[in-house]
Amino acid sequence: MVYEPQWVSQINGTLVLFGILALISAGAVAAAKFSQNNTALLMTALIFITGVLFCFITPPNQVPDEPSHYLRSYAMGMGDFQFDEQQRWPNDVYLLMEAFPVAYRNGYPAEKGCSILDRFDIYFDSLESGKVGEHMGIIIFQIIPYLPQALGIFIGRLFGADALICYYLARFMNLLFYCLCCCFALRWATRFRILLYSLMIMPLTMFMVASCSNDCMLFGLMFLVFSTVLSDSFDKKKAITFIIAFAVMCTSKMNYIVFILLLLLMNKKRWKIKAK
């Protein structure tokens with residue numbers, strides 16, 4: 001198993017990961033070369049490659065509130081869309097949460113026996129020993145922002161994947177959704193591609209979108225909203241995109257409601273919507 005601790009040393013893991021990313025980069029650049037929308041596709045490919053790097057190098061539960069986001073996604077991946085504090089998860093999910101209880105950051109030194117690699121050891125040892133994890137409950141009243149993660153977990157469970165592999169599949173599907181939004185945004189806002197691309201690929205942005213957090217969908221939709229406003233024309237398709245993206249963002253976090261003011265900044269000459 002690729003996640004087995006004795007197989008992944010610091011050197012081997014880094015070399016293998018960067019080798020895979022190099023192949024993906026070469027394929028992405030070759031694909032962009034033959035595309036009519038070279039710039040947008042190439043930028044999206046670079047965002048994806050960077051995101052994959054963040055997705056698999058960042059250990060579980062390092063992004064703010066990621067344990068809660070993962071548990072909500074896992075429940076939906078099992079087909080349970082209810083909002084139940086007493087929700088039950090498979091035992092390996094509990095063990096994964098216990099193995100990575102906190103984020104490694106300033107003020108939390110990785111002491112001997114408590115490093116990130118040790119945490120992977122703890123998880124796999126707990127699985128082999130048949131340890132029973134303790135129950136934990138969450139209350140999250142949202143569905144839409146967790147659909148990409150839930151899809152990844154559903155696919156993982158379909159093939160018998162454990163909680164750790166499902167965790168990375170959830171991150172990966174989140175990243176794919178973000179890249180899809182970025183691709184459309186970069187195609188529409190042609191004059192502002194460099195600005196949007198710089199914001200899309202910022203390290204903090206990539207750290208968040210390559211996780212199980214619901215912020216991934218919200219960030220992707222946010223850039224779609226920006227692109228509709230910054231595009232050379234505001235037609236019916238972009239208006240529908242703006243409305244749907246804005247509605248999902250506001251129902252998830254009300255602070256996004258200020259984005260409605262962006263419409264006031266648009267030059268009305270660029271409106272291509274005709275009333276019948």
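Residues numbered from 1 in each chain as written. Predicted model: local features only at pLDDT ≥ 70, side-chain atom pairs only at ≥ 80, totals over all residues. Heavy atoms only, no water.

## Observations regarding the confidence of the model for the protein chain
Here is step 1: Chain-level pLDDT for the protein chain is 80 on average; 78% of the residues reach the 70-or-more range.
Here is step 2: Across residues 1-7 the pLDDT falls below 50, and counting only partners more than four positions away or on other chains, this stretch makes 17 contacts in the model. (pLDDT = per-residue confidence, 0-100. Contact = heavy atoms within 4.5 Å.)

## Brief notes about unusual backbone geometry
Trans peptide bonds make up the majority, and among non-glycine residues the majority have a negative phi.
Here is step 1: Residue N61 is not a glycine yet carries a positive backbone phi of 65°.
Here is step 2: Within the element layout of this structure, N61 appears in the loop between α2 (38-57) and α3 (66-77).
Here is step 3: Positive phi, normally seen in glycine, also occurs at D65, with a value near 60°.
Here is step 4: For D65, a relative accessible area of 56% corresponds to the exposed category. (Helix = DSSP H or I, 4+ residues; strand = E, 2+ residues; numbered from the N terminus. Buried < 20%, exposed > 50% of the residue type's maximum accessible area, 1.4 Å probe, protein only.)

## Focus on the packing of aromatic side chains
Here is step 1: Per the counting criterion, the structure on display carries 12 aromatic pairs.
Here is step 2: Here F56 and Y168 contribute two aromatic rings whose centre-to-centre distance is 5.5 Å and whose plane-to-plane angle is 25°, an arrangement assigned as stacked. Taken together, the residues span a long stretch of sequence, with F56 in helix α2 and Y168 in helix α7 (residues 163-188) at a distance of 112 residues.
Here is step 3: Using a relative accessible area of 3% as the deciding quantity, one classes Y168 as buried.
Here is step 4: Here a set of aromatic residues connected by ring pairs shows up, and it is made of F56, Y70, Y74, Y167 and Y168. (Phe/Tyr/Trp six-rings, centres within 6.5 Å; stacked < 30°, edge-to-face > 60°.)

## What about the nonpolar core?
In globular proteins that are soluble, nonpolar side chains generally tend to be buried together.
Here is step 1: Counting residues in hydrophobic clusters, the biggest one holds 44 residues, and the most contacted among them are I47, Y178 and M200.
Here is step 2: Of all the secondary-structure elements, those providing two or more residues to this core are α2, α7, α8 (193-200), α9 (203-209), α10 (215-230) and α11 (236-252).
Here is step 3: Ranked by the residues each element gives to this core, the list is headed by α10, at 10 residues.
Here is step 4: Each residue touching M200, except ones within four places of it in the same chain, is listed here: I47, Y178, C182, A185, L186, T205, M206 and F223.
Here is step 5: M76, V93, F120 and A150 belong to the second-largest nonpolar core, a separate cluster that totals 29 residues. (Core = buried A, V, L, I, M, F, W, Y, C linked by side-chain atoms within 4.5 Å.)

## Structural notes on the side chain of D215
Here is step 1: The residue D215 is located in helix α10 in this model.
Here is step 2: For D215, a relative accessible area of 11% translates into the label buried.
Here is step 3: At 2.6 Å, the side chain of D215 forms a polar contact with the side chain of K253.
Here is step 4: Once residues lying within four places of it in the same chain are set aside, the contact partners of D215 are M208 and K253. (Polar contact = N/O pair within 3.5 Å; in protein donor to acceptor, adjacent residues only side chain to side chain.)

## Quick word on helix α4 (residues 91-99)
Here is step 1: Across the nine residues that make up α4, a large majority, seven, are buried.
Here is step 2: When we look at burial in α4, the residues that qualify are D92, V93, Y94, L95, L96, M97 and A99.
Here is step 3: On its buried face, α4 sits against α3, α5 (116-129) and α7.

## Side note on the pattern of salt bridges
Here is step 1: What the rule picks out here adds up to four salt bridges.
Here is step 2: With its nearest N and O atoms 3.4 Å apart, the salt bridge here joins K131 to E98. Remark: E98 occurs in helix α4 and K131 occurs in the loop between α5 and α6 (147-158); sequence separation between them is 33 residues.
Here is step 3: A relative accessible area of 41% places K131 in the partly exposed class.
Here is step 4: In this structure E98 comes out as partly exposed when scored by relative accessible area, which is 25%.
Here is step 5: Two residues, D215 and K253, come together in a salt bridge whose shortest N-O distance is 2.6 Å. Of this pair, D215 sits in helix α10 while K253 sits in the segment after α11, and the two are 38 residues apart along the sequence.
Here is step 6: Overall, the relative accessible area of 30% leaves K253 in the partly exposed class. (Salt bridge = Lys/Arg side-chain N within 4 Å of Asp/Glu carboxyl O.)

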